[in-house]
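Observations on the model geometry
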Amino acid sequence: MEENAFYVALSLLVNLDASLYQIVVLSLQVSLVAVLIAALLGFPLGAAVALWQFPGRGGVIVALNALMGLPPVVAGLGVYLLLSRAGPLGELGLLFTPGAMVIAQVILVLPILAALSRQKVEELLGEYREQFVSLGMSKARMMPTLLWDARFALLTILLAGFGRASAEVGAVMMVGGNIDGVTRVMTTAIVLETSKGALPLALGLGIVLLTLVMAINATAYILSETAKRRMG
Amino acid sequence: MTSLNVPVNRPIELSAPPSLRFDNVEFNLLGHQLFGPCSFTLDGPGPTLVMGPNGAGKSLMLRLAHGLLAATEGAITWSGDQTPRQAMVFQTPVLLRRSALANLTHALAVNNVPRKRRAELAREALARFGLSSCADTPARVLSGGEKQRLALARAWALSPSVLFLDEPTSALDPAAIKDVEAAVQEFHERGTRIVMTTHDLHQARRLAGDVLFLAGGKVQEHTPADIFFSAPASRQAQAFLSGELVA
C-alpha cells in the first residue's frame, strides 16, 4: 500500500507534511510572483506593440512569438551567467535564491503574455479604432481601455503563463539549485526523488502539482465564464 | 486627430452651428481617386443628409470631415477659431465591453470631465434616450436599437457642436428607426450641426434641411431638401430618386 503513488500523494496532503507544505508554498510564491511581474511588464508591452507603428516592429513581433518557445534551460543559463559571482549582476548575490528563480520564470513567461496580448489587443483595436479616434483619444489613452476590455482573454493568457511557470523545471533548477528548504520547488523535488529512485514519492508530488494547477485553472475558468456571460 | 479634443464643459452654443467647408478636397488610396475633388460649404441650418448610391463616397466624406481620414489634397475648414467639438455615430455602434453607464463615463473620462460629474452626466444622457433601466446592463447584450440609442446617448453626453451619423438606422426595425430619428431631431434642436448619410429616401424626406448628393466620389448637387426632392438638378439625382441605377 505504501508503494502506491496515489496513497503517497494523499498521505502527503492529509498529514500536511511540513516539508511538502514548504515546497508547495514556495512553488506557488515563485510562479505567482513571476507571472504577476511578467503581466505588469508584458501586457503593456503587448498593447504598445499593437498600438504603435515603429521601425523594426515586425522584428519585435517575430522575436516575441519565437521566445514563447524559449527552452527553459537556455533562460536558466542566461540568468545563471548574469547572476553568477563573476557575472554583471553577481554582486546582488541572488544566485540560488527564490529571487533568481522568479527572474528566470519572468523571462520565460513574459514573451507568452506579450505576444498573445499583442494579438488580442490588435484584434480589439481593429474594432474600436474609429470610435477611439472619434472620441479624440491618444494612443496612450487607448492602452488602458483596450487592456481592460480584453480582460477575459488576458486572464486566459495569464493562465497559459502560469502553466509555463509552474511546470518548468530546467531554469529553476539551474538558478535555484534545488536547495532543501530554500529553493526546492515541486518540479525540482520530483526530479530529485525520481533520480533517487523514490518513484511513489515523485509521483505523489506530481499528483499534488497537477491538482494545484487544475484547481487554479478551474477557478479562473469559472470566474471568467460567469463574467463573460454577464458581459455578453 | 487630437484637435477633436475640445473641453466638454464648454457651454453649448445655441447660436448657429459651426459651418464646414471642403475646398478642392481629394482622397486617394494606392493611386485611386476615391473622393473628390470636391468643394462645398455646409452652413445652412440643416440637418444635412448625404445621399447617393453605394460607393458614392458618402462614408468617406463623413470620415474626412470628422478627421478620421486625412485628405490627400485640399483643405477642410470649420468656421470659428477652433475645431468644434464633434461626435460620430456609426452604422454598427462601437461599444465597449462594459455596462451601458460605463460606456458613457468612459467617453466623459477621456474628454477630461471631472470624475465627480461623470456619473451624473451619463445618467442624464441615458434617461434622455430611454435607457435608464439598462444603465448596468452590459452594452453588448443590448438590442440593436438600444445599442444605437446608447451610441447616441454617448454622443449627447459629450455635447458636440457637430454630429456625424453614418447610416445609423440601416440595421434597425421601424420602431428603433423612429427613436433614432427623434434623437437626431433633438440634437438638431439643441443647435448641433447634423451631417448624416442614409439610403432611405423616406428618412431623408423626414429629416433633411438640405441634401448633399454624391455619385462617383463627387458632389453632384447640394440643394435645400424641398428642391432636391421636387426638382433635382443633376441627372444622377433624378435617376436616383426615380429608382434607377446610378453609376
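Since this is a predicted model, take the numbers as computed values, not measurements. (Residues numbered from 1 in each chain as written. Chains lettered and ligands numbered in written order. Predicted model: local features only at pLDDT ≥ 70, side-chain atom pairs only at ≥ 80, totals over all residues.)

1. A word on the overall build of chain B
The helix and strand inventory of chain B stands at eight helices and nine strands. Radius of gyration (C-alpha) of chain B: 18 Å, near the 18 Å computed for a compact globule of 247 residues. The C-alpha extent of chain B, read off along each of the three principal axes, is 55 × 40 × 40 Å. For chain B, buried positions account for 47% of its 247 residues. Across chain B, contacts joining residues at least 24 apart in sequence account for 69% of those joining residues at least 6 apart. (Helix = DSSP H or I, 4+ residues; strand = E, 2+ residues; numbered from the N terminus. Rg over C-alpha atoms; globule rule 2.2 N^0.38 Å. Buried ≥ 20, exposed ≤ 12 C-beta atoms within 10 Å, placed from the backbone. Contact = placed C-beta atoms within 7 Å.)

2. Observations regarding the sheet that holds strand β4 (residues 73–78) of chain B
All names here are of chain B. In space, the three strands of this open sheet follow the order β2-β1-β4, with antiparallel pairing throughout. Edge positions in the sheet fall to β2 (32–42) and β4, since each of these pairs with one other strand and no more. When strand polarity is set aside, the average angle formed by the axes of neighbouring strands in this sheet is 20°. Pairing of strand β1 (residues 20–29) with β4 involves five bridges; the strand directions are antiparallel. Opposite Arg21, over in β4, you have Thr77 as the bridge partner. (Pairing = 2+ DSSP bridges. Axes fitted to C-alpha atoms, helices over the stretch in contact; angles between N-to-C directions.)

3. A closer look at the nonpolar core
Membership of the largest hydrophobic core comes to 139 residues, with the highest contact counts inside it found for Ala104, Val109, Leu113 and Val175 of chain A together with Ala153 of chain B. When residues no more than four places from it in sequence are discounted, the contact partners of Ala153 of chain B are Leu104, Ala125, Leu126, Arg128, Phe129 and Leu131 of chain B. (Core = buried A, V, L, I, M, F, W, Y, C linked by C-beta atoms within 7 Å.)

4. Things to note about the interface of chain B and chain A
Contacts between chain B and chain A engage 19 residues on the former and 16 residues on the latter. For the side of chain B that touches chain A, the secondary-structure elements that each account for two or more residues are β5 (86–89) and α2 (100–110) of chain B. When residues in the side of chain B that touches chain A are grouped by element, the largest group, three residues, is from α2 of chain B.

5. Some points on the packing of helix α2 (residues 18–51) of chain A against helix α6 (residues 139–149) of chain A
Residues and elements named next belong to chain A. Running from N to C, α2 and α6 point in directions that differ by 125°, and their axes come no closer than 10 Å. By the criterion of interaxial angle, the relationship of α2 to α6 is oblique. In terms of crossing hand, the pair formed by α2 and α6 is right-handed. Contact residues: α2 offers Phe43, Pro44, Ala47, Ala48 and Leu51, while α6 offers Lys139, Met142, Met143, Leu146 and Leu147. In terms of residue class, the contact of α2 with α6 is built from nine nonpolar, no polar and one charged. (Parallel < 35°, antiparallel > 145°, perpendicular 65-115°, else oblique. Left-handed = near helix turned anticlockwise from the far one by under 90°. Nonpolar A, V, L, I, M, F, W, Y, C, P; charged D, E, K, R; others polar.)

6. Quick look at the sheet that holds strand β7 (residues 193–197) of chain B
All names here are of chain B. Overall, mixed pairing links the six strands, which are arranged β5-β6-β7-β3-β8-β9 in an open sheet. Unpaired on one side and paired on the other, β5 and β9 (218–224) mark the two borders of the sheet. Here the average twist between neighbouring strands, direction ignored, is 15°.

7. A look at helix α7 (residues 151–167) of chain A
In this model, α7 of chain A (17 residues) spans 24 Å end to end at C-alpha, consistent with the 24 Å of a helix rising 1.5 Å per residue. Tucked into the core, α7 of chain A has its buried residues touching α2, α5 (98–134), α6 and α10 (199–231) of chain A. (Expected span 1.5 Å × (residues − 1).)

8. Considering the confidence of the model for chain A
Parts of the model with low pLDDT should not have their predicted coordinates read in detail. For chain A, per-residue confidence averages 92 on the pLDDT scale, and 98% of positions sit at 70 or higher. The element-level mean pLDDT for chain A is lowest in helix α1 (residues 5–14) of chain A, coming to 78, with α5 of chain A highest at 97. (pLDDT = per-residue confidence, 0-100.)

9. Here we look at unusual backbone geometry
Across the junction of Gly46 of chain B and Pro47 of chain B, the peptide omega takes the value -10°, indicating a cis bond. Topologically, Pro47 of chain B is positioned in the loop between β2 and β3 (48–51). A positive phi angle, near 55°, is found at Asn178 of chain A, a position not held by glycine. With respect to the helices and strands, the residue Asn178 of chain A is situated in the loop between α8 (170–176) and α9 (186–196).

10. What to know about helix α3 (residues 115–128) of chain B
Residues and elements named next belong to chain B. The terminal C-alpha atoms of α3 lie 21 Å apart, and with 14 residues this matches the ideal 20 Å at 1.5 Å per residue to within 8%. Arg118, Ala122, Ala125 and Leu126 are the residues of α3 that are buried. An end-on view of α3 places all buried positions within 100° of arc, on one side of the element. In α3, the exposed positions angled more than 90 degrees off the buried face are occupied by Lys116 and Glu120. Gly130 occupies a position one or two residues after α3 and carries a positive phi of about 65°. (Arc of directions from axis to C-beta.)

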